[in-house]
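Spelled out, the chains give:
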Amino acid sequence: MKKTVTTFAKAKAEGEKITMLTAYDYSTAKLLDEAGVDSILVGDSLGNVMLGYEDTLSVTVEDMIHHCAAVARGAKEALVVCDMPFMSYQTSVYDAVVNAGRLMKEGRAQAVKLEGGVEVADRIKAITDCGIPVVAHIGLTPQSINAFGGFKVQGKSEAQAKKFVEDAQAVQDAGAFAVTFECVPEKLATLVTKKLAIPTIGIGAGAGCDGQVLVYADALGMFSDFTPKFVKRFGNIGEAMKEAVRGYITEVKDGTYPTLEHTYKIDDEVIDKLY
Ligand code: KIV
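Definitions and limits used
- Residues numbered from 1 in each chain as written.
- Predicted model: local features only at pLDDT ≥ 70, side-chain atom pairs only at ≥ 80, totals over all residues.
- Heavy atoms only, no water.
- Pairing = 2+ DSSP bridges.
- Helix = DSSP H or I, 4+ residues; strand = E, 2+ residues; numbered from the N terminus.
- Axes fitted to C-alpha atoms, helices over the stretch in contact; angles between N-to-C directions.
- Contact = heavy atoms within 4.5 Å.
- Domains from an automatic or database assignment.
- Buried area = accessible area lost by both parts, 1.4 Å probe.
- Salt bridge = Lys/Arg side-chain N within 4 Å of Asp/Glu carboxyl O.
- Nonpolar A, V, L, I, M, F, W, Y, C, P; charged D, E, K, R; others polar.
- Near = heavy atom within 4 Å.
- Polar contact = N/O pair within 3.5 Å; in protein donor to acceptor, adjacent residues only side chain to side chain.
- Areas by Shrake-Rupley, 256 points an atom, 1.4 Å probe, with all protein chains shown as cover.
- Phe/Tyr/Trp six-rings, centres within 6.5 Å; stacked < 30°, edge-to-face > 60°.
- Buried < 20%, exposed > 50% of the residue type's maximum accessible area, 1.4 Å probe, protein only.
- Parallel < 35°, antiparallel > 145°, perpendicular 65-115°, else oblique.
- Left-handed = near helix turned anticlockwise from the far one by under 90°.
- Patch = residues over 30% accessible without salt bridge, like charges linked within 9 Å, V, L, I, M, F, W, Y side chains within 5 Å.
- Lys, Arg positive; Asp, Glu negative; His and termini not counted.
- Charge placed at Lys NZ, Arg CZ, Asp CG, Glu CD.

Draft legend 1. Focus on the sheet that holds strand β6 (residues 178–182). Taken together, eight strands build a closed barrel; the order of strands is β1-β2-β3-β4-β5-β6-β7-β8 and the barrel is parallel. Adjacent strand axes in the sheet meet at a mean angle of 25 degrees when their direction is disregarded. In the packing of helix α4 (residues 61–74) onto the sheet, contacts are made with β2 (39–42) and β3 (79–83), and the angle to β3 comes to roughly 170 degrees.

Draft legend 2. Spotlight on the domain arrangement of the protein. According to the domain assignment, the protein consists of domain 1 (5–239) and domain 2 (241–272). Computed over C-alpha atoms, the centres of domain 1 and domain 2 are 44 Å apart. Contacts between the two partners involve four residues from domain 1, matched on the other side by four residues from domain 2. Sorting the residues of domain 1 by area buried against domain 2 places Ile 237, Gly 238 and Glu 239 first, and these three jointly supply 89% of that buried surface. In this structure, the salt-bridge partner of Glu 239 is Lys 242, at a minimum N-O distance of 3.8 Å. Class assignment of the residues belonging to the side of domain 1 that touches domain 2 gives a composition of two nonpolar, one polar and one charged.

Draft legend 3. Representation of the site of the ligand in the model. All residues adjacent to the ligand are Thr 22, Leu 41, Gly 43, Asp 44, Ser 45, Asp 83, Lys 113, His 137, Glu 182, Ile 203, Val 213 and Val 215. In the model, an oxygen atom of the ligand is placed 2.5 Å from a nitrogen or oxygen of the Ser 45 side chain. At 3.1 Å from an oxygen atom of the ligand is found a side-chain nitrogen or oxygen belonging to Asp 83. In isolation the ligand offers 260 Å² of accessible surface; the protein chains occlude 95% of this area. Its residues assigned to classes, the shell around the ligand comprises four nonpolar, four polar and four charged.

Draft legend 4. The packing of aromatic side chains, seen in detail. According to the stated counting rule, one finds six aromatic pairs in the structure shown. Ring centres 4.7 Å apart and planes at 70 degrees place the aromatic pair Phe 164 and Phe 181 in the edge-to-face group. Of this pair, Phe 164 sits in helix α8 (residues 158–174) while Phe 181 sits in strand β6; the two residues are 17 residues apart in sequence, bridging distant segments of the chain. Neither Phe 164 nor Phe 181 differs from the other in exposure class; each is buried. One aromatic cluster is present, formed by Phe 151, Phe 223 and Phe 226 through successive ring pairs.

Draft legend 5. Looking closely at the packing of α4 against helix α5 (residues 93–105). One way to put it is that α4 packs onto α5 with a least axis distance of 9 Å and a crossing angle of 25 degrees. Here α4 is positioned roughly parallel relative to α5, judged by the angle of their axes. Crossing geometry of α4 relative to α5 is assigned as right-handed. Contacts between α4 and α5 pair Val 61, Glu 62, Met 64 and Ile 65 from the former with Asn 99, Arg 102 and Leu 103 from the latter.

Draft legend 6. Local environment of a negative patch on the surface. There is a patch of like negative charges on the surface, built from Asp 267, Asp 268, Glu 269 and Asp 272. In this structure Glu 269 comes out as exposed when scored by relative accessible area, which is 58%.

Draft legend 7. Structural detail: the packing of α5 against helix α6 (residues 121–129). Where α5 meets α6, the axes come as close as 9 Å, and the angle between the chain directions of the two elements is 45 degrees. Here α6 runs oblique to α5, going by the angle between their axes. Helix-helix and strand crossings are classified by hand; for α5 and α6 the assignment is right-handed. On α6, the residues that touch Val 93, Ala 96, Val 97 and Ala 100 of α5 are Asp 122, Arg 123, Ala 126 and Ile 127. Tallied by class, residues from the contact of α5 with α6 come to six nonpolar, no polar and two charged.

Draft legend 8. How the structure looks around the environment of Gln 169. Assignment of secondary structure puts Gln 169 in helix α8. Judged by its relative accessible area of 34%, Gln 169 falls in the partly exposed class. Taking C-alpha positions, Gln 169 is 20 Å from Ala 111, a pair spaced 58 residues apart along the chain.

Shown next, in the form of structure tokens:
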């Protein structure tokens, strides 16, 4: 059965942890879905993982639509959430609504995610007023990396922790059905999770959140450009891929692949008539 926003609310009410992983293409989405993940995030981390950019700033609405539509075709049960890329909602409430609508209509997302707290609460309200579910994202928000001066843990000082509490309340009040906490101290994330009615999905925010999200390529050992402290490798698919590719190269080079079982037949009579 297709998972929905109510699946998230029910999980929080029943104390069941929510699982979310990113994916950016049909085949990976299908595998994650078949494995039983609750939700697939088409993150703008596709800028790093799929497109090789050093940050997420160059990702466009068109990129997100293209990848989200592929994921949506592969995710039969998991709830598909699509990131709103940099400058697709910061510019105005109008742009936020139009672009969220495109991710739903053309990308076939079931919900959108956007970064920021108090300062984007009006965008979250306007989008949810259109019937589009929103996941908020607070703490370390990678689209603001230049303002933060790097990938730094957020919420450690009293001022930052107070801002984090205000942001969490603001996005809930604006109508977000869930919120991602990125790179904040575990105690802060746990405390705010207990205060909020909506589920919190942590990444680098400790075990007290209502669920966890990871970039699938990090979790499966397929991306090694940089590995944040919070990443755990649950597999080494990157190494397995390289091993398989080495096997392919060896067999093609030494002529052991393809064999008859991989080959199509033709009657000799047809061949004999050719030259
Ligand atoms: O883009 C992404 O993958 C994300 C996760 C890190 C939460 O936003």
